[in-house]
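Residue-level listing of the chains:
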Amino acid sequence: MSEDPRNEAVARNVEKLIKCLTGDSLTASERRTQEQQALHKIRHHRYLSTNGHAVRRSINNMIERFYYEGMDEHADTVHLLASVIIESAGWTGHYEVDVQYSLLDFLFSMTYEPVQNVRRNLIKMQQRALAIRKELEATSIETDATESIANWVSLLNDHYNDRPSQSLDSDSSSNLSAWSDVDDMDDHISMSSLQNKQLVKRTFDSSSNPSFTSMALCRQYNGKIESDTDSLSLNSCSSSRYWTSRSWGRLRELAALEPPQPQSQYKKAIFNSDHLSTVVHSNWWRQDFDFYAKTANIAPGSNFAISYVQHLNRETCGIVKHQLPRTTNESNLVREIILMFFAPVSCCFFEVEPQQQDISVRKNISVSSVSSYTLKNVLEEEVLPALQAMQQLRRIINDLTLPTSDEPTTGTLRCFAWGLRDLINPIQDSLIEFEHRLLDRADGKEVNAPSTTLMCFMRHMQEEFKRLLLLKSLTTSAIIKGPPHLRSAYCLSQIYKHTMFNIDHQKLATALLLVSMRRYCCIMDNWWRHAEFDDWHNEFIVECLPEHFAYYGQRIQERLPLTDIDDKGDPHPNLDIIRALRECTFYQLLLEHAMEAGETQDLLASVNLLGDLVLSCNNIGSLYNDLIKQLFNELKSDPNSVSVWKQDDRPLKEYNAHVLQTTSRLGDSELMSIFTQHIRQSQEEQQQQQILQAPSANLLDILDSLERSTILQQPNVLPRSLTKLLWQRYEFANVHVMRWYREELMLTDHLRFLRHLMLLEADYLLYPFYTNLFRQIEGYEDWARSSLLTLELYDLLEPHYGSLANQLEVHVVSLVRSQSNRMFEALDAIEIEYSMPPPLQSIITESQMIQYNGIWRIVLKVKWAAWKLENMRFLRRVNRDTFAPMDLIGLTVRRLEILRFWLISLINSLHSHLCTHVMQSLGGQFEKQLSTTKNIRELRNMHSAYMKTLCKHCLLSPDLEGIRYALDQIFHLIFVLDMEWTTCPSFLEESLALAIDLSSDLSSSNSSDREKALEYLALNQIEELELTYIRCHRMLAGILKDLVYKQDHKFLISLEVAINASAPH
């Protein structure tokens, strides 16, 4: 808005309008507020997009509101003025519909609550109206008195007689009065014709230039006429503004009379109508002229366009009269088409809508040999799409490259626009080449030159038109509106889709993608070589958070939102674009490399090792140049053909190598090295030049090299080349990072400590801790205290692991479960938290610590089951012969012991699987592989795969939920067996019912003891325990069999064999 010169005039007039309407009652700040509000209304008005019905309803509502407020005079005035504007005859010929309603809407939008303002300021308005009337009456009296005193006739005659005589035929300079009599209209008309004649004279003088086309001449001619008309309208407007201003209370003072001022000099033009009609053809460009081309011969079909229309008029017998089409020759048509590609304006065959910049073909105009309808269809189907594509591409290029565009652009989009410009330049060269052929043929220079007809032009530009349509389609899909990072990433992803091997234009898309990636390459290059995140457009796919927002190593995050819902709970406005980027493999590749690079540099910066990385990367070349070289190496194309980069001369190189090899065997080696010193220096210089020499970044050179490769070589060639180059840069950083992880952070010691603690590999150290924990839980003690558990664990581990034991802390996560006397429930109430440095948290994540705690709990449950079964002491009867036949008590004890042995066998199989086959074997393999990692990503992936395998082998994966359910039933069975085992010894005395032969006399027995024994015999659960175990064992055996033989879980073979071989019957 500020660059438009009309804005200054608008601002001055708005300031005057506000001051005139408000007077001096407002302060300076209030007046500035009113001015800003008025300017805002003017700038953001809807202009010609107004709905007439809505405006009419708003006016009726305002009139009714005035009536309700008791202001009938104001209501009638508004109704009268609105009717005058709406019913004015000046709108009938306007090209826009309902323009009068647009004007009314604009005027009413400037009033800002008219009813309320009139009601508030009604008294002041009446007083002001009275003051204006009084001033007008006083002014009219003074004016009449002054005019009666002054002799205006004599004054005007004096000035009129002093004016020099003028002649239109003279070549001398003429001095015209700026305040001549308005009634002298003949002089004014003759003056306008003189100006037109002089313009024609200048036109003929300019026609000697061969590059001057008839389009430019016509624009100057029409522009002169329009300027004269505008000057008249401005004069009339200025006079109307003067008389309108007199209606106000404060009249303007007339300026002092000035002497006549000289106007611009004019020369008489020599008008030659023949030359104008045969050379300039300015009448073609005016729609009020009918012109017809002179045919080259008298053949019947040479003037088919007019003959056909005349034939139709004769056949219809005057019922339907078709207008004769205007005709011209084919050379002019082709030149107009070429001109429309460079400067689209309304001309003979085409019309350009100034507001929408839309190009259309005019009706009823053709060449002599073709009907107007046929030519219009040909132009609309063959030429018009290419014209519209060229116009749209130019507009997109200007919007993306020029700083005056409304929406801010990004570096990636600017590189994309430069690539489009490089692709359009050859098309423009082809158009200019064909126009040179037209000019040469018109001058008769090349008699045997190729034809220049419309069909030849379309055949000549056939491939170029296809490329224009292709570029338009690609650009329309790649350019969107949104945040800068979305626009840049989406543009690259859409171009990447066109690089697949089943697409015809994959080579063009590959070259365009390579050029568009230049900004991304510069950002990554500065990141690696200078440790600077130069993303001032905020267009890169990741961002770096400030230091106080996150720890080092965790400050790099993706710009795309992680979820589909924003902070307010609504879907993201660009949800479709975000999903498309998530599915793009090229975007995922860029994101992976960006996160890896950012995390690596962030970690090195936290330990002051970033300077070492920058020094090691000084010898690395530009990423963009290296990407071009690597791309052609992947394609195995010949770069010498397009001078992408130059190689050494092979014969000279072989000769120098042969000389060095031969002289190394002769005589003194030091003397020979002096003789061959110039060859060695030349080789070193050539190597340095080859490293520093940058390939050509021109898109046409890249595309020319890609054309020499086959189609099958194209898919994923650019991602593959980019991956290789970025991995070379990672190697420089990973040398420092991995050394820091191993030596400074002691990653191996941390992982070994977690395996010894959480996986209970150091069982010999942790046995006192968890056995004491078992006793406290079973003894109903107040054991769930984090501080005591942490202190007890620290006392056991500190002598062996030192400072690592200080990072442990035992937490109680569930008070409800901690109060349970069932061991397998109480153990779920605690977990171990291990505090690590932030860099280690990227390797051992929070979710993996949850997995460690899950493994720790299931191993503790198995340890408790084995410990509980092993500590069940055998039941022995006092003074009982071991080899005597078993009575009722002996049978009961034996059944309990058999059930205990069954459970011991099952738990030992499970314990052997977890602690021997899983933890020790997997832990040893993981520790060996840990020393072979070369970068952080391999380290993270290795530890993640290790934890995933460990959870699966420890029966914690979702598909092994059935086994975990069967184990819970077995743990509950052990809990019930322990209670039964504890109750049984109280009935092993000889005097109790279990020891009495039922056939003997029972009269001497204690009746209370007998009743107690009989109650135990009736309520013991030995049979239910046996049946429950058999069902659990069979269920577990069946699940393991299905997992091993149907779902191919081979790691469960040993456990399946052990459990199925020991199934009870």
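Residues numbered from 1 in each chain as written. Predicted model: local features only at pLDDT ≥ 70, side-chain atom pairs only at ≥ 80, totals over all residues. Heavy atoms only, no water.

**Some remarks on the overall build of the chain**
Summing up its helical and strand segments, the chain has 42 helices and eight strands in all. Residues classed as buried in the chain amount to 39% of the 1065 residues present. Sequence-distant contacts, at least 24 apart, represent 70% of the contacts inside the chain between residues at least 6 apart. (Helix = DSSP H or I, 4+ residues; strand = E, 2+ residues; numbered from the N terminus. Buried < 20%, exposed > 50% of the residue type's maximum accessible area, 1.4 Å probe, protein only. Contact = heavy atoms within 4.5 Å.)

**Some thoughts on unusual backbone geometry**
With a phi close to 50°, Met746 is a non-glycine residue in the positive phi region. Relative to the assigned elements, Met746 resides in the loop between helix 29 (717–744) and helix 30 (747–758).

**Some thoughts on the packing of helix 24 (residues 623–635) against helix 28 (residues 699–706)**
Between helix 24 and helix 28, the least distance of the axes is 11 Å, while the angle of their chain directions is 15°. Overall, the two elements helix 24 and helix 28 adopt an arrangement that is roughly parallel. Of the two elements, helix 24 crosses helix 28, and the hand of that crossing is left-handed. Residues Tyr624, Ile628, Leu631, Phe632 and Leu635 of helix 24 lie in contact with helix 28, whose contacting residues are Ile702, Ser705 and Leu706. Its residues placed into classes, the contact of helix 24 with helix 28 shows seven nonpolar, one polar and no charged. (Axes fitted to C-alpha atoms, helices over the stretch in contact; angles between N-to-C directions. Parallel < 35°, antiparallel > 145°, perpendicular 65-115°, else oblique. Left-handed = near helix turned anticlockwise from the far one by under 90°. Nonpolar A, V, L, I, M, F, W, Y, C, P; charged D, E, K, R; others polar.)

**Focus on the pattern of salt bridges**
Within this structure, the stated rule accounts for 24 salt bridges. Its salt-bridge partner being Arg895, residue Glu1026 comes within 3.0 Å of it at the nearest N-O pair. Within this pair, whereas Glu1026 is found in helix 41 (residues 1022–1045), its partner Arg895 is found in helix 37 (residues 888–930), the two being separated by 131 residues in sequence. With a closest N to O distance of 3.7 Å, Lys1046 and Asp1042 form a salt bridge. On the basis of relative accessibility, which here comes to 69%, the residue Lys1046 falls in the exposed class. Classification of Asp1042 as partly exposed rests on a relative accessible area of 35%. Several salt bridges share partner residues, and in doing so they unite Asp749, Arg752, Arg755, Glu761 and Glu927 into one network. (Salt bridge = Lys/Arg side-chain N within 4 Å of Asp/Glu carboxyl O.)

**So, the pairing of strand 2 (residues 350–353)**
Every second residue of strand 2 is oriented toward a common face, the buried set being Phe350 and Val352 and the non-buried set Glu351 and Glu353. Of the strand pairs in this sheet, strand 2 and strand 3 (residues 358–361) are connected by four bridges, and their pairing is antiparallel. If you follow Glu351 over to strand 3, its bridge partner there is Ser360. (Pairing = 2+ DSSP bridges.)

**Considering the environment of Val115**
Along the chain, Val115 falls in helix 6 (residues 114–120). The exposure class of Val115 is buried, given its relative accessible area of 4%. A C-alpha to C-alpha distance of 8.3 Å links Val115 and Glu69, two positions 46 residues apart in sequence. In this view, Val115 contacts Met62, Arg65, Phe66, Glu69 and Met71; residues no more than four positions away in its chain are not counted.

**Concerning the packing of aromatic side chains**
Taken as a whole, this structure holds 14 aromatic pairs when the rule is applied. Centre to centre, the rings of Tyr767 and Tyr770 are 5.4 Å apart; their planes meet at 80°, and the pair counts as edge-to-face. With a gap of three residues between them, Tyr767 and Tyr770 both fall in helix 31 (residues 763–778), about one helical turn apart. Note on Tyr767: relative accessible area 39%, which makes it partly exposed. Between Phe774 and Trp867, the ring centres sit 5.6 Å apart and the planes meet at 45°, which makes this aromatic pair tilted. One end of the pair, Phe774, is in helix 31; the other, Trp867, is in helix 36 (residues 846–870), and 93 residues separate them in sequence. The exposure class of Trp867 is buried, given its relative accessible area of 10%. Within the aromatic cluster, the residues linked to one another by ring pairs are Phe341, Phe434, Phe457 and Phe465. The residue whose ring lies beneath Arg900 is Phe901, and the NZ or CZ to ring-centre distance is 5.5 Å. (Phe/Tyr/Trp six-rings, centres within 6.5 Å; stacked < 30°, edge-to-face > 60°. Lys NZ or Arg CZ within 6 Å of the ring centre and 35° of its normal.)

**Brief notes about the confidence of the model for the chain**
Taken over all residues, the pLDDT of the chain has a mean of 75, while the share at 70 or more is 71%. Taken together, the stretch residues 155–249 has pLDDT below 50 and engages in 75 contacts with residues farther than four places along the chain or on a different chain. Every residue in residues 637–648 scores below 50 in pLDDT, and together they form 28 contacts with partners more than four places removed in sequence or on other chains. (pLDDT = per-residue confidence, 0-100.)

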